[in-house]
Amino acid sequence: MPVGTQGTVKAVTKDQLLSTKPQIILGNTYHLYLRPGIEVLEYFGGLHSFMNWELPILTDSGGFQVFSLAKERSREGKHKAEVILTEEGVKFKSHLDGSWHFFTPELVVHIQEIIGSDIMMPLDVCPPYPVSHTTARDAVEKTLRWLERSKKAKKNDRQALFGIVQGSVYPDLRKESALRTVEMDMDGYSIGGLSVGEPAQLMYEMTEVVVPLLPENKPRYLMGVGTPENIVESVDRGVDMFDCVMPTRNARNGTLFTTYGRLNIKAAKHRFSDIPVDEECDCYTCRNFSRGYLRHLFNAGEITGMTLATIHNLRYYSRLMEDIRHAIGEGRFKEFKKEFYEKYNSLKNQP
Ligand SMILES: [Zn+2]
């Protein structure tokens, strides 16, 4: 899922985004609640009509942003105690103007009903990494109690509501969180609290603990992941859905994902390069422009460079998922994975 934090996927128009063939995009409840605000979204009839987007939208609960943005600000030394966690909900300071807000599980479902997303996430407690077993256990328990309240607050059957499995990097907590979340018979299951700074190997290990406990007939979503390698590895472990800012954020920095690995388009070696970013890619950028031209746009600070790079990276990710689905359908995922690594590591292995 391309990430459309504030009602837009950064640097691309709707048609450009559609040309990369996404199946669904993600919107951020925290950001949309603060700006433009739920009264604006309500006035425009929800996010689909506000941004003129017909395909599905998944919204996160805002919990992750509440915790992570507060941490970022306190690191910068600007403010203290910007998040107050209680049984009732979470009180937090806006990263925009410092005003105080209070999210409860019920309010977060209500906001997402106004947004009108197709898949909603319940408010959860996402502890940082590393965290003690005790704090991680409290987060699991509170997330489960909040899920119960979210389920009760939900008013329609048109929108799906997932459960979120927490438990940090503790296998016993992950197991318990998964089993008790599944007992609540949700529409799908998210694996939260990973990709928060832990080593990739730990993320894979936790996924291996959780996925076998989730029902086969419901989607499994690994939140906030990841690199192309992370995606291939997690699909191998049974995950279906992903979201990450990686393709879009990297594109704006000039880092492009290709069949043969990552490349930095700003590098001097591309100055006279007349080949496309990725010769195996069918995107608008690769069909029309050279690496040399893209490099020039980035070095000249032209915003079109960011747009063209974003189109390519989004198409790279959606093509990766298409290839994965085909390989699974044909029963040759293991071979696909081997070929993926052989090709993807080839740029890295060049002298
Ligand atoms: Zn391309």
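Residues numbered from 1 in each chain as written. Predicted model: local features only at pLDDT ≥ 70, side-chain atom pairs only at ≥ 80, totals over all residues. Heavy atoms only, no water.

With that settled, consider the packing of aromatic side chains. According to the stated counting rule, one finds 14 aromatic pairs in the structure shown. Between Phe257 and Tyr316, the ring centres sit 6.1 Å apart and the planes meet at 25°, which makes this aromatic pair stacked. Placement of Phe257 in strand β12 (residues 255-258) and of Tyr316 in helix α13 (residues 303-329) is noted, with a sequence separation of 59 residues between them. With relative accessibility at 5%, the residue Tyr316 sits in the buried group. What links up through ring pairs into an aromatic cluster is the set Phe333, Phe336, Phe340, Tyr341 and Tyr344. Between Lys91 and the ring centre of Trp100, over which it is positioned, the NZ or CZ distance is 4.9 Å. (Phe/Tyr/Trp six-rings, centres within 6.5 Å; stacked < 30°, edge-to-face > 60°. Helix = DSSP H or I, 4+ residues; strand = E, 2+ residues; numbered from the N terminus. Buried < 20%, exposed > 50% of the residue type's maximum accessible area, 1.4 Å probe, protein only. Lys NZ or Arg CZ within 6 Å of the ring centre and 35° of its normal.)

Volume-wise, the second largest pocket comes out at about 600 Å³. Surrounding the second largest pocket, 27 residues form its lining, Gln23, Asp240, Phe242, Met321 and Arg325 being those nearest its centre. Within the residue set of the lining of the second largest pocket, elements represented by two or more residues are α9 (228-236), β11 (241-242) and α13. For the lining of the second largest pocket, the leading source of residues is α13, giving seven residues. Residues of the lining of the second largest pocket, tallied by class, amount to 18 nonpolar, four polar and five charged. (1 Å grid on protein atoms, 1.4 Å probe; cavity = no way out; pocket = protein on both sides within 12 Å on 5 of 7 lines; lining within 4 Å. Points joined across faces, edges and corners; volume = space filled by probe spheres on them. Nonpolar A, V, L, I, M, F, W, Y, C, P; charged D, E, K, R; others polar.)

Another aspect to go through is the pairing of strand β13 (residues 261-264). Summarising the sheet, β12 and β13 pair through four bridges and their orientation is antiparallel. Paired with Thr255 across the two strands is Asn264, which belongs to β13. In this structure, the hairpin formed by β12 and β13 is closed by a connection of two residues. (Pairing = 2+ DSSP bridges.)

What follows deals with helix α14 (residues 333-344). In this model α14 runs 16 Å from its N-terminal to its C-terminal C-alpha over twelve residues, within 8% of the 16 Å that 1.5 Å per residue would give. Against the buried residues of α14 lie α9, β12, β13 and α13. (Expected span 1.5 Å × (residues − 1). Contact = heavy atoms within 4.5 Å.)

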